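Report on the structure
So the chains spell out like this:
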Amino acid sequence: MCIGANQPGGPRRCSADAAARCNRTGRAATHAAAYADALSAESVYDTEHLELLELQRKAVMGETLTDAEQAQLRAGAQPPASAIPDGSEFGRDYAAEYPKHRQDMIDAGFEPSTLAEYASSEDAAEAAYEEWRDDQFEEEMQASYREWTADTASGYYLRRQRSDELDQAREHAATLDVDEARAVLDERAQSAEHQQLLKARDYAHAAEHDAERGWEAAKTSTDIETVSAARDCLHDAHCDRLIADDDLNAYANESAQYAARVSELSTPPEYSGTTIGDSINIGTHVPGSEAELRARQDGIPGTHIGAAAGVKDPNSPHTATSAKLSAINAVTDDDISRAHLAHTQHTGREGRAAAWEHTTAADFAAANPGLSVQSTPGIWRNSERPWQQAELTAVTSSDGNTPDGALIVKHATANDGYGADIPPHVRAEAANALDATGLKHADIAVNIDGHTYRQYRIHADEPLTGLTQPATMPELREKLDNRWNSWQTEKTNPPQPAHNDGTFTWTKAPRAESGHAKNRATAAELAAYRGISTAQAHEMISAEVASGRSADDAVRSLYKSYNPAADTRRRFVVADIETNSLSAGRGEIIQTGAVVMNGQGKVVERIDELHGIDARTARTIGTGAKDVHRINYQDIHGKPPFAQSQAKTRLQELLSDPNTTMVAHNASFERQYFAANGVSADRVIDTMALSRRFDHNSTGARLADFTAAHGVEYRDAHNAFKDAHMTARALLGFWRDQHK
C-alpha cells in the first residue's frame, strides 16, 4: 500500500520506491565509504602491529613495561589457536587473498601479519561496513520520509495531481468541437461538485467577514486574551477560506480549458476599421506579451481609470498607487512570465478571464439577436487625449454597420460586487471607453463563477459611482490629464528622497480630545524610552515646555539627557519576526529573533527560532513572501507553531518584567503580532520613530537607514534574528550619538 494513499491527492510513491531511490542516490557514496572504512581498518591493524613491535623491542632491551603493555604483548605474541578460516561469513576466500596481501606488506617494508590476523581484520572491516551501510540506509529512509511528509503537508502532491488533471482537461478540450466543448462546460457548471464548492466558498467568505469585524473591534483592546481570542477566530476562518478558494479555483481552472476551446471556435467576426469614433487603434499585440504590457504603459488603461480618478471600490484590484506604479515602473521578466502563463495556460484569475471572454461574448450575442457583434482586439486611444486608452471586447451595432455601442466582457465571482449594479471600478472602465470612443452606450456582459450570466448597460452621460462628488468622465478629464502628466514627470525625473524631518508635538493646554491624544502618545513614547511611567513623562514634558522651550526642543532634550548605560535596572528585548502575511489577524509568525541586552549593550540572551504553521496555510499560502525572507516550508515543517514555542514562553516571561522594554523597528508590526498571539508588550521603543525624529541626515527610516546612520552595516536582511541583532547594535550607536 502506498504511503499516504488515503490522503486526498496523496503521493504516488510507495515505501519500496522510496527505498530504491535512497539506494540509487547513495550507491556511489556507499561504495566509496566502504572502501575508506576497509582502508581505515587495515590502517588500525598496521598501527597495532607496529605498537607490538615497539613493545617487543622494549622487552628485549630490558625496559620496564606497564601491566597494560605486558598484557598487550602477551595478546599479540599468543594469537588464538583456532583453525585458520578458509573464508568468512561475507563469502570471501581469505586463503586465496592472503599471499598477495603478504607480499604487499613485505614490499611496503612491514612485517606481514598471519593469515588468521588478516582474516580477522578483514572480517572486522566487512562488519563495520555492513553496520555503516545499515545506518546510512536507515538515515536515508528517515530523510526520505521527512521529505515526503513535508511535501504532502505543503500540498506538493495535491498540486501535482491537479496539474496532471489540468493537462488532461486541456488535451481533452482540444479534441472537441464547439458544441461538444459547450456541453462539457455546461455540465461542469451545473454539477453537484461545482455547487458544493460554491456553497463552501460562500460560507467561508461570510465566516471570514464576520470574524474580521470581531478582530477589528478587539485588536486595540488592552485585554490580551480578548485580542488573542479574536485573532484565533479570524485566523481559523481565514484558513478555511483559503482552502475553499483553492479547491474552487482548481475546479474553475479545469473548466476554463473548455471555455477557452469555446472561445477559440466562436470568436465573433473582427471589426475591420482602424478608428472607432474619436479613437484610433494603436496596435494589436499577442495577449500577455511584453509588447502588450509596454503598450499599456503608454496611457491609463481602462482597468486603472477608476483608481486614477479616485473611485473608492473595495472590489477593485487597483489603487491609485498601484495604477501609478503600473504606469511608471519598468516591465519585468516576472510580469511577462505571469501574463504569458495566464493567457496560454488559462489558469488564475487573469487566465480564466481570458479563456471566458469570447464564450461570454457569444452568450451576449445569443441574448441580443438584434445587435451585431464585432470583436475589437488591441488598444484604442483617444485622438485628442493620448493618455486615454480603452480595451473593448467588441463593438455592437443596431444597423449591422456603424458601431454605436461598446461591449466589455468580465469574468467574476459572486463576491465581486455584481448585483443590481456593476462595481464602481467597472462602471469607470465602461465610462472611459465611451468617453474615449464617443460611442453612446456600453454593455457589460459578465459570467459569474462559470454558471451565471448577467448583462448591464450604461450610457455616456451617467456619472461615475464611488466618488466623493459624482462626476461624469468629461468632468474628470482635467483631473486625469494632470495625474497622467505628473506620472510621466515622475517617470522621467524620479523625485529625490527627502531627508527625515520628524519633530515632537505637544499642546500646552489642549482643549480638544485630539490634543490630549497627541500629548498622551508623546508621553508614552518618552516613558518607554526612559523606563518611567506615562504620568512621570507627562510631568517632565510639561515642566520643560512651561520653562519656555518649544515642544520639539523640550521633548528632544529629555531623550538626550537619558543615559541607558547608567540605568542598571533596565533590560531591553530587541525583537524581530518574519511572518507569512502582513495581517496579524490572519497571518502566522514563522521566525522569531531577539537579542536581550542591558543599557550598556551587554547581550545576556539570544532567541532564534523557526515556527510551524497551520496545515491549511501550508498547502495554500505556505510561508508567504519566500523571495523576501527566504524561508521555505521544508525549513519549518514539523516544528511547533509560535503558540507552542519556547520563544513565546520566554518572551512572555521577559516582557512581564516592569524593567524590561521591547525594542523593534516599525514596532507596531511586532507589537500587533505578539498581542494577537498572546504576548503583551506594554513598553515599546520604536527605532523607526527614533530614526524619523533624530536622523535628519538620513533620507529614509527603513531599518537599513537606521543602521547606516549609526555605523552598522546592514546585511542578510529579513532574517529575524539577524535583523534583531543589527537593530540592537544600531540602538547602541544611537545612544552613543545622543551623548557625543
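Below, the discussion takes up the overall build of the protein. Along the backbone of the protein there are 26 helices and 14 strands. Burial statistics for the protein: of 740 residues in total, 44% are counted as buried. In the protein, once contacts between residues fewer than 6 apart in sequence are set aside, the share between residues at least 24 apart is 69%. Split by element, the accessible area of the protein, about 37100 Å² in all, is 50% carbon and sulfur.

Here the focus is the sheet that holds strand 6 (residues 394-397). Read across the sheet, 5 strands follow the order 3-6-7-8-9 without closing on themselves; strand pairing throughout is mixed. The strands lining the two open edges of the sheet, one partner per strand, are strand 3 (372-375) and strand 9 (452-459). Taken over all neighbouring pairs, the strand axes of this sheet differ in orientation by 25° on average, direction set aside. Pairing of strand 8 (residues 441-448) with strand 9 involves 8 bridges; the strand directions are antiparallel. Each residue of the ladder has a partner; that of Val446, found in strand 9, is Arg454.

The interhelical angle for the contact between helix 17 (residues 534-546) and helix 18 (residues 551-560), taken along N-to-C directions, is 130°, at an axis separation of 9 Å. Considered as vectors, helix 17 and helix 18 are oriented oblique to each other. The handedness of the crossing between helix 17 and helix 18 is right-handed. Contacts from Met540, Ile541, Glu544 and Val545 of helix 17 reach helix 18 at Ala551, Ala554, Val555, Ser557 and Leu558. For the contact of helix 17 with helix 18, the per-class residue count stands at 7 nonpolar, 1 polar and 1 charged.

In this section: the environment of Ala390. With respect to the helices, strands and loops of the structure, Ala390 is situated in strand 5 (residues 389-390). Judged by relative accessible area, Ala390 falls into the buried class, the value being 1%. Along the backbone, Ala390 and Trp380 are 10 residues apart, and their C-alpha atoms lie at a distance of 5.2 Å.

In this section: the sheet that holds strand 1 (residues 275-276). Reading across the sheet, the 4 strands line up as 1-2-4-5 and stay open at both edges, with antiparallel pairing between neighbours. In this open sheet, the two edge strands, each paired with only one partner strand, are strand 1 and strand 5. Inspection of the sheet shows strand 1 paired to strand 2 (residues 279-281) by 2 bridges, in the antiparallel sense. Following the sheet pairing, Ile276 is matched in strand 2 by Ser279.

In this section: the nonpolar core. Leu392, Tyr418, Ile458, Leu464, Leu476, Leu480 and Trp487 are the most contacted members of the largest nonpolar core, which has 43 residues in total. Within the residue set of this core, elements represented by two or more residues are helix 10 (302-309), helix 11 (320-328), strand 7 (405-412), helix 14 (424-437), strand 8, strand 9 and helix 15 (473-492). Excluding residues within four positions of it along the chain, Trp487 makes contact with Ile300, Ala308, Ala320, Ala323, Lys324, Ala327 and Ile328. Ranked by size, the runner-up nonpolar core spans 32 residues in total, among them Val545, Val574, Val663 and Leu731.

The next subject is the packing of helix 11 against helix 15. Between helix 11 and helix 15, whose axes approach to 9 Å, the crossing angle comes to 55°. By the criterion of interaxial angle, the relationship of helix 11 to helix 15 is oblique. As helix 11 packs across helix 15, the resulting crossing turns out to be right-handed. Between helix 11 and helix 15, the contacting residues are Ala320, Ala323, Lys324, Ala327 and Ile328 on the first element and Arg483, Trp484, Trp487, Glu490 and Lys491 on the second. Of the residues contributing to the contact of helix 11 with helix 15, the split by class is 6 nonpolar, no polar and 4 charged.

Moving on: the packing of aromatic side chains. What the rule picks out here adds up to 14 aromatic pairs. The interplanar angle of 90° and the centroid separation of 6.4 Å between the aromatic rings of Tyr529 and Phe734 together place this pair among those described as edge-to-face. Of this pair, Tyr529 sits in helix 16 (residues 513-530) while Phe734 sits in helix 26 (residues 720-738), placing them 205 residues apart in sequence. In this structure, Tyr529 and Phe734 share a single accessibility class: buried. A cation over an aromatic ring shows up here: Arg188 above the ring of Tyr251, its NZ or CZ 4.0 Å from the ring centre. Over the face of the ring belonging to Phe694 we find Arg556, whose NZ or CZ atom lies 4.9 Å from the ring centre.

Turning our attention to the confidence of the model for the protein. Chain-level pLDDT for the protein is 87 on average; 88% of the residues reach the 70-or-more range. Contacts from residues 1-42, a stretch scored under 50 in pLDDT, to residues over four places away or in other chains number 54 contacts. Confidence drops under a pLDDT of 50 for residues 77-88, and excluding neighbours within four residues, the segment shows 12 contacts in the predicted structure.

Next up on the list: the pairing of strand 6. Burial of strand 6 is two-sided: the residues Ala394 and Thr396 facing one way and the residues Val395 and Ser397 facing the other way are all buried. Relative to strand 7, strand 6 runs antiparallel, the two being bridged by 3 bridges. What sits directly across from Ala394, in strand 7, is Leu407.

Counting across every chain of the model gives 43 salt bridges. For the salt bridge of Arg170 with Asp167, the shortest nitrogen-to-oxygen distance reads 3.0 Å. A residue pair is termed a helical-turn pair when its members lie 3 or 4 positions apart in one helix, as Arg170 and Asp167 do in helix 5 (residues 156-173) at 3 residues. Ionic pairing is found between Arg427 and Glu462, a salt bridge with its closest N-O pair at 2.7 Å. One end of the pair, Arg427, is in helix 14; the other, Glu462, is in the loop between strand 9 and helix 15, with 35 residues separating them in the sequence. Take Arg427: its relative accessible area is 8%, and that puts it in the buried class.

Rules used throughout
- Residues numbered from 1 in each chain as written.
- Predicted model: local features only at pLDDT ≥ 70, side-chain atom pairs only at ≥ 80, totals over all residues.
- Heavy atoms only, no water.
- Helix = DSSP H or I, 4+ residues; strand = E, 2+ residues; numbered from the N terminus.
- Buried < 20%, exposed > 50% of the residue type's maximum accessible area, 1.4 Å probe, protein only.
- Contact = heavy atoms within 4.5 Å.
- Areas by Shrake-Rupley, 256 points an atom, 1.4 Å probe, with all protein chains shown as cover.
- Pairing = 2+ DSSP bridges.
- Axes fitted to C-alpha atoms, helices over the stretch in contact; angles between N-to-C directions.
- Parallel < 35°, antiparallel > 145°, perpendicular 65-115°, else oblique.
- Left-handed = near helix turned anticlockwise from the far one by under 90°.
- Nonpolar A, V, L, I, M, F, W, Y, C, P; charged D, E, K, R; others polar.
- Core = buried A, V, L, I, M, F, W, Y, C linked by side-chain atoms within 4.5 Å.
- Phe/Tyr/Trp six-rings, centres within 6.5 Å; stacked < 30°, edge-to-face > 60°.
- Lys NZ or Arg CZ within 6 Å of the ring centre and 35° of its normal.
- pLDDT = per-residue confidence, 0-100.
- Salt bridge = Lys/Arg side-chain N within 4 Å of Asp/Glu carboxyl O.

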